[in-house]
Amino acid sequence: MIAANNPILSSWISVPEGSDFPIQNLPFGVFKSKGSEHRVGTRIGDMVIDIAQLFETGQLSVDGFSTSDFQQEYLNPMMKKGKEATRRLRQALSDLFSSENSVASTTESIHKTLFSVHDVDMCMPVQIGDYTDFYSSKEHATNVGIMFRDPANALLPNWLWIPVGYHGRSSSVIISGQDIHRPKGQIKPDDNEPPIYAASRQVDFELEMGFITYDGKALGDSISTDEAEDYIFGMCLFNDWSARDIQKWEYVPLGPFLAKNFASSISCWIVTMDALQPFAVHTPEQDPAVLSYLKFEGKKSYDIHLQVGLTPENSTEKIICHSNFKYMYWNMSQQLAHHTVNGCNVRCGDLMGSGTISGSTPDSFGSMLELAWKGTKPLTMNDGTERRFIQDGDTVTMRGYCQNEQVRIGFGEVKAKILPAK
Ligand code: MN
């Protein structure tokens, strides 16, 4: 077991009941406090810890790292050091903030590295090079197939053989809390008329999780399913905003384009694969048997509870979806093995989206498209208004956490409001 995951550990920093951030989590993010430059930090309870300052003052030293690795706008220089190094760093942070460490708990220069979450601005944690989005939930792919094609043949013939994906766009990946304008483009509201240029009428969210990679292998080399997790730094919540009416008209034959690249929101904290390790679970059985390079051993998925809340302007939040990352048919190791099987190289800071994560019951569907079943089953909000898609002024908030009898490891939230079209 990874020592920093020991469930009996506690911190001398107080952790509120039900917090996503006990000492067993120690996620990584980038923040700014008043008047300061960007800093790499971690979080315990409601305190953000300035790792750069811990190094600067000599309170923390970890083989392979220096202060400048943490005086950065992004986590990339830290992630460049690889899995073993970031594992040592997380362990050193655990040792420093453990209740067992009575020296640290009374050292003034360490207390000076702690900031209340309310006093800092969280920043985009990763400089994302490439962004790839998969389509790995069988329930989601089936629902979409039933709605748009043929209920009898809902899954396309390749779906059970290939972790289907497409290359997205990294420039419009944004941090939680940044609001977005309703996108405009070509839509075709009447099948018998030509398309029109208008604001999208079918803005939707996609409940996803993302994973962030370390440096992969050289161009031409492949990463096996056995090796894959050594190349994954951690995970975040991911809302892959979509405009269904733009998507429906444009996606043939090359797939999503402007329907998907106007914004994708990620959560502030990247939770390491090490912290998630106690929550590893088996993935659903795959039938037909997958090709050799997609075979894997052991528990390759994670039991991560997910929920989506919708808050209309001037109303209260309604939880409209409960799902779980473990429902995914294709796991991250298979996605990475498939992504590199042709020799495609992944790089430090790439983002891979899971695809919309739907479960088997109607309250577990991970998009409005499915929840309101193509507009035929509108959802009723707390203020009595109905929703088929996302309206101007609506805020969508996604949350995720792992929980066992001893520990809760959470991701916080990813949220954004849809503003009127520009
Ligand atoms: Mn997506």
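Counting starts from 1 at the beginning of each chain's written sequence and moves along it residue by residue. Per-residue local features are limited, in this predicted model, to residues with pLDDT of at least 70; the limit for side-chain atom pairs, both in listing and counting, is 80 or more; totals at the level of whole chains, interfaces and linings are taken over all residues. Hydrogens and water molecules were not included; the side-chain quantities draw on all heavy atoms of the structure.

A. View of the packing of aromatic side chains. Note on ring pairs: Phe, Tyr and Trp rings are taken, using the six-membered ring of Trp, and paired if centres are within 6.5 Å. Classes follow the plane angle, with under 30 degrees stacked, over 60 edge-to-face and the rest tilted. For the coordinates displayed, the defined rule picks out 11 aromatic pairs. Ring centres of Phe55 and Phe70 lie 4.7 Å apart, and the angle between their planes is 35°; on these two criteria the pair is classed as tilted. On the criterion of sequence distance, the pair formed by Phe55 in helix α1 (residues 51-56) and Phe70 in the loop between α1 and α2 (76-79) is long-range, its members being 15 residues apart. Ring geometry for Tyr214 and Phe233: centres 5.6 Å apart, planes at 80°, overall edge-to-face. On the criterion of sequence distance, the pair formed by Tyr214 in the loop between β13 (207-213) and β14 (232-239) and Phe233 in strand β14 is long-range, its members being 19 residues apart. For the pair Tyr214 and Phe233, a shared accessibility class is recorded, and that class is buried. Here the aromatic residues Phe28, Tyr214 and Phe233 are joined through ring pairs into a cluster of three or more. Each ring is checked for a lysine NZ or an arginine CZ that lies within 6 Å of its centre and within 35 degrees of its normal; such an atom marks a charge sitting over the ring. Taking the ring centre of Phe148 as reference, the NZ or CZ of Lys374 above it sits at 5.2 Å. It is Arg408 that lies over the ring of Tyr401; its NZ or CZ is 3.9 Å from the centre. Every helix listed is a DSSP run of H or I at least four residues long, and every strand listed is a run of E at least two residues long, numbered separately from the N terminus. Using a 1.4 Å probe on the protein chains alone, a residue whose accessible area is under 20% of its type maximum counts as buried, one over 50% counts as exposed, and one in between counts as partly exposed.

B. Examining the domain arrangement of the protein chain more closely. Here the domain parsing of the protein chain yields domain 1 (3-123) and domain 2 (131-419). Computed over C-alpha atoms, the centres of domain 1 and domain 2 are 29 Å apart. The criterion used for residue contact is that any of the two residues' heavy atoms lie within 4.5 Å. In this assembly, 29 residues from domain 1 lie in contact with 30 residues from domain 2. A combined buried area of about 2,300 Å² lies between domain 1 and domain 2, and 60% of that area is made up of carbon and sulfur atoms. The working definition used for a salt bridge is a side-chain nitrogen of Lys or Arg within 4 Å of a carboxyl oxygen of Asp or Glu. At the junction of domain 1 and domain 2, the tally comes to three salt bridges. Arg408 is the salt-bridge partner of Asp20, the closest N and O atoms lying 2.8 Å from each other. We call two N or O atoms a polar contact when they sit within 3.5 Å, provided that within protein one can donate a hydrogen and the other can accept it, with sequence-adjacent residues counted only if both atoms are side-chain atoms. Joining domain 1 to domain 2, the criterion identifies 12 residue pairs in polar contact (both at pLDDT 80 or more). If you tally residues by element for the side of domain 1 that touches domain 2, the top one is helix α3 (residues 83-97), at four residues. A breakdown of the residues in the side of domain 1 that touches domain 2 according to their chemical character gives 12 nonpolar, 11 polar and six charged. An automatic or database domain assignment is the source of the domain bounds shown. Note: buried area is the sum, over both parts, of the accessible area (probe 1.4 Å) each one loses when the two are combined. Under the scheme applied here, ten amino acids are nonpolar (Ala, Val, Leu, Ile, Met, Phe, Trp, Tyr, Cys and Pro), four are charged (Asp, Glu, Lys and Arg), and all others, including Gly, are polar.

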